[in-house]
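# Examination of the molecular architecture
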Amino acid sequence: MMLMFIKYAAIGFGSGFILIVLSKVILAAILQRKPDYYDDQYDQFDQGGEENG
Amino acid sequence: MADFHPGLILIVTGLLALILPEQIRKWAAAAGPFVALAVMIGLDGDASLTYRFTQSITMDLLHVDTLAWAFGMIFCVIACIAGIYSFDAKDGREKCASLIYAGSSIAVVLAGDWISLICFWEVMAVSSTYLVWAGRTHRARRASYRYLAMHFFGGNMLLGGAIAICVQNGWQIEMLTGGSGWAYWFVFIGLAVNGAIPPLHTWAPDAYPEATSAGTVYMGSFTTKVAIYALIRLFAGTEWLVFAGAVMAVFAACMALMENDIKRLLSYHIVSQLGMMVAALGTGSAAGIDGATLHAIFNILYKGVLLMGAGAIVYATGTRKISELGGLYKRMPLVTACFFIASLSIAGVPFFSGFASKALITEALHEGHFTIAYWLVTLAGVGTWLSITLKINYFVFFRKTKAEMAVKPVPVYMKAAMVMGTLLCIVTGLFPSYCYELMPNATMAHPFSAEHIVEYVALFIGATIPFARYIKKMEPHDVITLDFDWIYRITLVEFLSGLSKWVYRIFSRFEHTYYNFERIIKTILRNPSKVFSGLELDEANAEEYFEEQRPVGEFMQTFIVFCVIAFLVLLIIE
């Protein structure tokens, strides 16, 4: 049982590490942008649309 | 004798919500789902409700078997809980849309023929669009247009494929596994849109956060799970779905890890959980189908609690950004507790509901020797633990912040709804065998074996170490993450903008040419002798000419262009 615990703990550690590197390092560098990235794209079509809070 | 239809009861309640005075509407909208639930409990395989659509086609509105009953039941339960959560919502149209949305979802799963299914499928799309639009911000309005466009595309694909299938096989819904041809793929794409299968998933993280708090709870519970129901009905046993679902689960977990918006993070997790269901139903085994069904049912419960918690946080603090939140456990202890329990459920921690359904899924993958998919689903489970159980709980509720933020008290009906959902997560997690018996194949998993519990506890403890070690890296920042919707939000917009400018230049050239032609004719008619002595064109008022409104001319111009393009397309096809 102890061996099983260590085995799956190691799998959990490795999986967590891989996911953090993949998401927060590699994919974040490629895919992350400023929060208003899409907002400018519609200004040419949007003629004073109102904000209904 | 026709039986009562729980979906139609909700739809009628929704229509009544439009005309009732506010005080009566609140209670009617809260009570309607309980009536539907009572009717649903009483339904069995003998239930029948038909409608004569034409001389030769009869719509079978009530077709109840174990699968349909299981989905119908959980839809009624979450409609009851969400009805309490949104008790004090002032917008009658939002209440109407919510109830019609819930009712049409139930009607889809109880439909016995293609016509009923597609009719209510479209009603679902339209009513849920209002829930996005009801967010009433600039972004919500735009998100609702994209949502509607995506679902009209999916609905039409489904309709096109279904018509072709019905012409060959009749109106009864039959499994399509092993099929081929364009009709098969049209139906699959139609379901893939609603099922948020990448790359057709972007509408979920785009639209769900922009809806109202209650709207997000409704939306997270119905559309995607109806698609899972339809996939089980039509595509169970399609083996390539096993790998596709597993990849989908990991992809969405990675996207969730990067998110700063709490609702967007939870929306990506809906996609990740759907991936596990798709992988399970792809195996086609009894454990796979039961696993997908049970996971959908439990997902509605714990995801509902998570979305309700997120809605309560947004209500209390006014922000969705995790980077701006922290230390909320002191000010919102009940919300913290409910959210924490639901996050343990979604991760699959032993003795909570997700653990019981994941046991079936992993058993199905193991039995079918889908080793890669098994490990990918395990990886996705670790991703869920990292992004929801650890990331959200730590950064939103427990992290110390420099200054204490202003927090409004959360209304009692929101808390009551969260407590109801949380209790169900706990009870179903502690006594899963009652739920296993209600599944289509009544597959009995044995999740409480020592090995299984040790496996999951060890996984989560191991995964916590890199999170704690790299806590600074895990801290969210105020950024957005691009997804496949970049293709139509940027590239397609630029393409259409360029095409529009090009078309405008061509018409503008015609207009200038015609303007000069008109000047020449006017000059000749006024002074015919000028033709021989040299043409000096009369001064015409150019500004007046080009600013003149010519609605009839513009309509004719557009119509002629459309006819020319249609003619050319037909020529090419022929």
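For the structure given in this document, a descriptive report is provided here. (Residues numbered from 1 in each chain as written. Chains lettered and ligands numbered in written order. Predicted model: local features only at pLDDT ≥ 70, side-chain atom pairs only at ≥ 80, totals over all residues. Heavy atoms only, no water.)

## So, the packing of aromatic side chains
Counted according to the given criterion, the structure contains 32 aromatic pairs over all chains. Across from the ring centre of A:Tyr37, 5.9 Å away, lies the NZ or CZ of A:Arg33, which sits over that ring. (Phe/Tyr/Trp six-rings, centres within 6.5 Å; stacked < 30°, edge-to-face > 60°. Lys NZ or Arg CZ within 6 Å of the ring centre and 35° of its normal.)

## Overview of the interface of chain B and chain A
On the chain A side, the residues contacting the 48 residues of chain B number 38 residues. Together, the buried faces of chain B and chain A total about 4100 Å²; carbon and sulfur atoms form 67% of this surface. In terms of surface lost to chain A, no three residues of chain B exceed B:Met258, B:Ile480 and B:Leu482, which account for 15% of the buried area on that side. Seen at the junction of chain B and chain A, the total is zero salt bridges. (Contact = heavy atoms within 4.5 Å. Buried area = accessible area lost by both parts, 1.4 Å probe. Salt bridge = Lys/Arg side-chain N within 4 Å of Asp/Glu carboxyl O.)

## Some points on the layout of surface pockets
Residues and elements named next belong to chain B. In this structure, the largest pocket encloses a volume near 700 Å³. Every residue lining the largest pocket is counted, 30 residues in all, and those nearest its centre are Ala134, Gly135, Ala211, Thr212 and Ser213. At the level of elements, helix H6 (138-169), helix H9 (213-221), helix H13 (286-317) and helix H17 (412-430) are the ones that each hand at least two residues to the lining of the largest pocket. Each residue belonging to the lining of the largest pocket can be placed in one class, and the counts come to ten nonpolar, eight polar and twelve charged. (1 Å grid on protein atoms, 1.4 Å probe; cavity = no way out; pocket = protein on both sides within 12 Å on 5 of 7 lines; lining within 4 Å. Points joined across faces, edges and corners; volume = space filled by probe spheres on them. Helix = DSSP H or I, 4+ residues; strand = E, 2+ residues; numbered from the N terminus. Nonpolar A, V, L, I, M, F, W, Y, C, P; charged D, E, K, R; others polar.)

## Some details on empty space enclosed by the protein
Residue and element names in this part refer to chain B. All chains considered together, the criterion is met by two cavities of 30 Å³ or more. Here the largest cavity is characterised by a volume of approximately 90 Å³. Lining the largest cavity, in full, are Ala347, Lys358, Thr362, Tyr374, Val377, Thr378, Gly381, Val382, Glu455, Tyr456, Leu459 and Phe460. Contributions of two or more residues to the lining of the largest cavity are made by helix H15 (353-367), helix H16 (371-398) and helix H19 (450-469). At five residues, H16 tops the list of elements feeding residues into the lining of the largest cavity. Of the residues in the lining of the largest cavity, the class split is seven nonpolar, three polar and two charged. Here the second largest cavity defines a volume of roughly 40 Å³. Ala29, Gly83, Ser86, Lys95, Ser98, Leu99 and Tyr218 are the residues that line the second largest cavity. No other element matches helix H4 (residues 92-110), which puts three residues into the lining of the second largest cavity. When its residues are assigned to classes, the lining of the second largest cavity shows three nonpolar, three polar and one charged.

## Description of the side chain of B:Glu455
Assignment of secondary structure puts B:Glu455 in helix H19. Although B:Glu455 lies buried, it forms no salt bridge, and the closest oppositely charged side chain, A:Lys7, sits 8.0 Å away as judged by the N-O distance. Within the structure, the side chain of B:Glu455 is placed 3.4 Å from the side chain of B:Tyr374, a separation counted as a polar contact. (Buried < 20%, exposed > 50% of the residue type's maximum accessible area, 1.4 Å probe, protein only. Lys, Arg positive; Asp, Glu negative; His and termini not counted. Polar contact = N/O pair within 3.5 Å; in protein donor to acceptor, adjacent residues only side chain to side chain.)

## Here's the deal with unusual backbone geometry
What you tend to see is this: most non-glycine residues have negative phi, and most peptide bonds are trans. All names here are of chain B. The step from Pro198 to Pro199 runs through a cis peptide bond, and the omega angle for that step is 0°. Along the chain, Pro199 falls in the loop between helix H7 (182-194) and helix H8 (203-207). The phi dihedral of Ala196 is positive, around 55°, even though this residue is not glycine. One can find Ala196 in the loop between H7 and H8. Even without glycine at this site, Ala442 takes up a positive phi of about 50°. Checked against the element boundaries, Ala442 lands in the loop between helix H18 (432-437) and H19. Take Ala442: its relative accessible area is 35%, and that puts it in the partly exposed class.

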